[in-house]
Amino acid sequence: MLPRKERVMSCAFRRFAENAPNSLAIFDGSNRLVFANRCFHNAFFDGEEAQGTHLEDLPLDVDMRFALLEALALARHEGCEQSFAWESVVADDQTEGCA
């Protein structure tokens, strides 16, 4: 179990991530989705449960999928965090509740 201080920080980060105005997602070493915030769900899943979905099965643009796979591979190879940013124009109804 994590020390109390780390658990509190983890809870604070999770609360931040869940309410972030941008789509946030975390993938495991097998490229399966382990966390996605509300904006990510609204953009890609239309209310469906997404946890456990493989990256290859996400309804992503081919270029976006390739760039994301590349960023994840680099993070695993270098053993450090990598940021990934993608901007896309989506319909307003897909981003309901997101800033």
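This one's a predicted model, so the numbers in the text were calculated from it and none came from an experiment. (Residues numbered from 1 in each chain as written. Predicted model: local features only at pLDDT ≥ 70, side-chain atom pairs only at ≥ 80, totals over all residues. Heavy atoms only, no water.)

Brief notes about the overall build of the protein
This is how it is decided: Secondary structure counts use DSSP, requiring at least four H or I residues in a row for a helix and at least two E residues in a row for a strand, with both numbered from the N terminus. Throughout, exposure labels follow a simple rule: accessible area from a 1.4 Å probe, protein chains only, divided by the maximum for the residue type, with under 20% read as buried, over 50% as exposed, and the rest as partly exposed. Whether two residues touch is decided by their heavy atoms; if any such pair falls within 4.5 Å, the residues are in contact. Using a 1.4 Å probe, the Shrake-Rupley method yields the accessible areas, and only the shown protein chains count as cover for residues.
Secondary structure assignment for the protein yields 3 helices and 2 strands. Helices (α) and strands (β) of the protein occur, in sequence order from the N terminus, as α-β-β-α-α. By the burial criterion, 24% of the 99 residues in the protein qualify as buried. Pairs at least 24 apart in sequence give 23% of the contacts found in the protein among residues at least 6 apart. Surface accessibility of the protein: about 7,400 Å² in total, with carbon and sulfur atoms responsible for 53%.

Considering the nonpolar core
Defined as follows: Nonpolar cores were defined as sets of buried Ala, Val, Leu, Ile, Met, Phe, Trp, Tyr and Cys residues, with membership established by side-chain atoms within 4.5 Å.
By size, the foremost hydrophobic cluster in this structure holds 12 residues: Phe27, Leu33, Ala36, Phe40, Phe45, Ala50, Leu55, Leu58, Leu60, Met64, Leu68 and Leu72. Those elements that place two or more of their residues in this core are strand E2 (33-36) and helix H3 (62-78). The biggest single contributor to this core is H3, with 3 residues. For Leu33, the contacting residues outside a window of four places in its chain are Ala25, Ile26, Phe27, Phe40, Phe45, Ala50, Gln51, Gly52 and Thr53.

Without other data, these values stay purely geometric and don't point to any function.
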